[in-house]
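# Structural features, examined
Here's the letter readout for the chains.
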Amino acid sequence: MELRVRKIPIDESEVLEIRCHKITEDVQEIISFVKSRQGQLSTEHDGQKIEIPIVDVFYAESVDNRLFIYTAKESYEIKLKLYELEDMLQGKTFIRIQKGMLLNLMKVKSIKPALSGRYTALLKNNEEVVISRKYVADLKKALKGGGDK
């Protein structure tokens, strides 16, 4: 696959075009990556307002009515409800894996069965999260490319 990048004048619209014979898993991964880069989450950290690219988020977890997002090494509280974040991320690479958790499938290294119909996902930062059995079917559907979640 050849890669071309061309600088354009500031008054032209930026366009990313993928030309392919077939939409393979690699092409789909590139598309997902680009789509996820088009958003950021705002929060405050150490008294400063910061923007966290959605692509950097490994998972989001609701704890005691507070929502936290986790990156490779940091966690941040954001002022949203889990369902609001889920709506924002619809069509991106996130899926609900527990009642109070969303997982970025692009940050998963491996998935294996666990006890009682649950699964465990090993993330690229070597953290493990549990996928409750209620959400296993949605996970399988998303991994097969059959869902927007």
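That block above? That's the structure.
This text gives an overview of the structure that appears in the document. Owing to the predicted nature of the structure, the values given are computational and were not obtained by experimental measurement.

### Topic: the sheet that holds strand β9 (residues 119-123)
Ordered by their spatial adjacency, 3 strands build an open sheet running β8-β9-β10, and the pairing between neighbours is antiparallel. Lying at the two open borders of the sheet, with one neighbouring strand each, are β8 (108-113) and β10 (128-131). Neighbour to neighbour, the strand axes of the sheet diverge by 25° on average, direction disregarded. Here 5 bridges tie β8 to β9, and the two strands are oriented antiparallel to one another. Residue pairing across strands places Pro113 opposite Tyr119, the latter belonging to β9.

### Observations concerning unusual backbone geometry
At Asn65, a position not held by glycine, the phi torsion is positive, near 60°. On the secondary structure map, Asn65 appears in the loop between β3 (59-63) and β4 (66-70). Since its relative accessible area comes to 71%, Asn65 is described here as exposed.

Definitions and cut-offs
Residues numbered from 1 in each chain as written. Predicted model: local features only at pLDDT ≥ 70, side-chain atom pairs only at ≥ 80, totals over all residues. Heavy atoms only, no water. Pairing = 2+ DSSP bridges. Helix = DSSP H or I, 4+ residues; strand = E, 2+ residues; numbered from the N terminus. Axes fitted to C-alpha atoms, helices over the stretch in contact; angles between N-to-C directions. Buried < 20%, exposed > 50% of the residue type's maximum accessible area, 1.4 Å probe, protein only.

Keep in mind these numbers describe shape, not what the thing actually does.
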